[in-house]
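Single-letter residue listing:
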Amino acid sequence: GENVEQHPSTLSVQEGDSAVIKCTYSDSASNYFPWYKQELGKRPQLIIDIRSNVGEKKDQRIAVTLNKTAKHFSLHITETQPEDSAVYFCAAMTRGGSEKLVFGKGTKLTVNP
Amino acid sequence: ETGVTQTPRHLVMGMTNKKSLKCEQHLGHNAMYWYKQSAKKPLELMFVYNFKEQTENNSVPSRFSPECPNSSHLFLHLHTLQPEDSALYLCASSQSLYSGRDYNEQFFGPGTRLTVL
C-alpha cells in the first residue's frame, strides 16, 4: 500500500521568512496530493492540492510542487506570518483506485514574530 | 449548523463502558470517514462509507464498531476499549467515491477527544 514520509517533523522560522515542507510517496499510481493545515485544537482544513498532471500550483503565499519521477512533493510558504503556525499534513491518494488518503506524520510549523 | 459536526467533543470512559461517537454532515456528501489521530502519529484511516456501504475497514479491532444509517450520519460504537485507544477521533465527509469527479475534498469535523481510563 501507499506510504507517505514527511519532513521535517518540526520547523521554526522567523516571521517573513519562507518555509518548505517535503513529502515522498511510494505508490506511483497516486495522483492526488492535498495539504491540510491543523491549528491547535482545531480540525484539519485543506489549504491546497495538486494533481499528477500538474507540476506546480500557487495560491497567494502558498505553493505546492510535484515531481512524479522522484515521487516527492513539497509545500512552500512565503512571507510567513504568526498565523501560519500550525501542524501541516501532506497526503496522497489514488483517484480511480482505492481513493484512500494516506497522510504523512505532520510538520509542526512555528513562526516567531 | 453547517459543515461536519461531532458529539461529544470530549469523552472519558472506563475500559468496561460502552459509548458511541456521533458525526453528522450538512454538506450533501455521500462518503464519510472515521480517522484516529494520536500524538506523534499520522492521521490513521479507520473506516470508509460510500452511500451507506462500508468500503474500507483498515484492520480496526472489533471493539470499534461503525454504523452508517444514512449518508448524513455516522456513528462509532465503542466497547471494552484499552488505554492505548485514547486519541482524537475525527470524522470527515466528501463527495461520493468512485464518481470520477475531479475534486473530492474531505471536510473534517472538530473531533472527539477520547480518554480511556
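Let me sum up the structure you'll find in this document. (Residues numbered from 1 in each chain as written. Chains lettered and ligands numbered in written order. Predicted model: local features only at pLDDT ≥ 70, side-chain atom pairs only at ≥ 80, totals over all residues. Heavy atoms only, no water.)

**Some details on the overall build of chain A**
Thinking step 1. Across its full length, chain A holds zero helices and 11 strands.
Thinking step 2. For 113 residues, the compact-globule estimate of 2.2 N^0.38 gives 13 Å, and the C-alpha radius of gyration of chain A, at 14 Å, lies within 12% of that figure.
Thinking step 3. Here chain A holds 113 residues, and 44% of them are scored as buried.
Thinking step 4. Within chain A, contacts between residues separated by at least 24 positions form 53% of all contacts whose residues are at least 6 apart in sequence.
Thinking step 5. With an accessible surface of roughly 5,500 Å², chain A has 47% of that area assigned to carbon and sulfur atoms.
Thinking step 6. With 14 positive and 13 negative side-chain charges, chain A shows a separation of 5 Å between the mean positions of the two kinds. (Helix = DSSP H or I, 4+ residues; strand = E, 2+ residues; numbered from the N terminus. Rg over C-alpha atoms; globule rule 2.2 N^0.38 Å. Buried < 20%, exposed > 50% of the residue type's maximum accessible area, 1.4 Å probe, protein only. Contact = heavy atoms within 4.5 Å. Areas by Shrake-Rupley, 256 points an atom, 1.4 Å probe, with all protein chains shown as cover. Lys, Arg positive; Asp, Glu negative; His and termini not counted. Charge placed at Lys NZ, Arg CZ, Asp CG, Glu CD.)

**Description of the nonpolar core**
Thinking step 1. Counting residues in each nonpolar core, the largest one holds 23 residues, and the members touching the most others are Trp-35, Phe-73 and Leu-109 of chain A.
Thinking step 2. The contact partners of Leu-109 of chain A, leaving out residues within four places of it in the chain, are Leu-11, Val-13, Ala-19, Ile-77, Asp-84, Ser-85, Ala-86 and Tyr-88 of chain A.
Thinking step 3. Formed by 22 residues, the second largest nonpolar core is a distinct cluster that contains Met-13, Leu-21, Cys-23 and Leu-74 of chain B. (Core = buried A, V, L, I, M, F, W, Y, C linked by side-chain atoms within 4.5 Å.)

**Looking at the pattern of salt bridges**
Residue and element names in this part refer to chain A.
Thinking step 1. Summed over all chains, the structure comprises six salt bridges over all chains.
Thinking step 2. With a closest N to O distance of 3.5 Å, Arg-51 and Asp-49 form a salt bridge. With respect to burial, Arg-51 and Asp-49 carry one shared label: buried.
Thinking step 3. Notably, a salt bridge pairs Arg-61 with Asp-84, separated by 2.9 Å at the nearest N-O pair. Highlighted residues: Arg-61 in the loop between β6 (56–59) and β7 (62–67) and Asp-84 in the loop between β8 (72–77) and β9 (86–92), separated in sequence by 23 residues.
Thinking step 4. Given a relative accessible area of 22%, Arg-61 falls into the partly exposed group. (Salt bridge = Lys/Arg side-chain N within 4 Å of Asp/Glu carboxyl O.)

**As for the interface of chain B and chain A**
Thinking step 1. Listed by partner, the interface residues are 23 residues for chain B and 19 residues for chain A.
Thinking step 2. Of the roughly 1,800 Å² buried where chain B meets chain A, counting both sides, 49% is carbon and sulfur surface.
Thinking step 3. Contact with chain A buries area across many residues of chain B, yet Leu-43, Tyr-98 and Phe-108 of chain B alone supply 26% of it, more than any other trio.
Thinking step 4. At the boundary of chain B and chain A, one finds one salt bridge. (Buried area = accessible area lost by both parts, 1.4 Å probe.)

**Digging into unusual backbone geometry**
Thinking step 1. Cis geometry marks the peptide bond from His-7 of chain A to Pro-8 of chain A; its omega dihedral reads -5 degrees.
Thinking step 2. Structurally, Pro-8 of chain A can be placed in the loop between β1 (4–7) and β2 (10–14).
Thinking step 3. Backbone torsion omega between Thr-7 of chain B and Pro-8 of chain B reads -10 degrees, so that peptide bond is classified as cis.
Thinking step 4. Among the structural elements, Pro-8 of chain B can be located in the loop between β1 (4–7) and β2 (10–13).
Thinking step 5. One non-glycine residue, Gln-60 of chain A, lies in the positive phi region at around 60 degrees.
Thinking step 6. Mapped onto the elements, Gln-60 of chain A comes out in the loop between β6 and β7.
Thinking step 7. Overall, the relative accessible area of 71% leaves Gln-60 of chain A in the exposed class.

**Digging into the state of the cysteines**
A covalent bond between the sulfur atoms of two cysteines is referred to as a disulfide.
Thinking step 1. Enumeration according to the criterion identifies two disulfides over all chains in this entry.
Thinking step 2. Each sulfur of the disulfide joining Cys-23 of chain A and Cys-90 of chain A lies 2.0 Å from the other. Looking down the S-S bond of the Cys-23 of chain A and Cys-90 of chain A bridge, the torsion is -100 degrees, so its handedness is left-handed. With Cys-23 of chain A in strand β3 (residues 19–25) and Cys-90 of chain A in strand β9, the pair connects residues that are 67 residues apart, well separated along the chain. With respect to class, Cys-23 of chain A is no different from Cys-90 of chain A; both count as buried.
Thinking step 3. Between the sulfur atoms of Cys-23 of chain B and its disulfide partner Cys-91 of chain B the distance amounts to 1.9 Å. The chirality of the disulfide connecting Cys-23 of chain B with Cys-91 of chain B is left-handed, given an S-S dihedral of about -70 degrees. Separated by 68 residues along the polypeptide, Cys-23 of chain B in strand β3 (residues 18–25) and Cys-91 of chain B in strand β9 (residues 87–94) bring together distant segments of the chain. For the pair shown, Cys-23 of chain B and Cys-91 of chain B are each scored as buried. (Disulfide = S-S within 2.5 Å.)

**Some thoughts on the sheet that holds β1 of chain B**
In any sheet, the strands associate via hydrogen bonds between backbone groups, in a parallel or an antiparallel arrangement.
Residue and element names in this part refer to chain B.
Thinking step 1. Reading across from one edge, β1-β3-β8-β7 is the order of the four strands in this open sheet, with antiparallel pairing throughout. For this open sheet the edge positions go to β1 and β7 (64–70), each flanked by a neighbour on one side alone. Neighbour to neighbour, the strand axes of the sheet diverge by 20 degrees on average, direction disregarded.
Thinking step 2. As judged from the seven bridges shared by β3 and strand β8 (residues 73–79), these two strands associate in the antiparallel manner. Bridging across to β8, Leu-21 finds its partner in Leu-76. (Pairing = 2+ DSSP bridges. Axes fitted to C-alpha atoms, helices over the stretch in contact; angles between N-to-C directions.)

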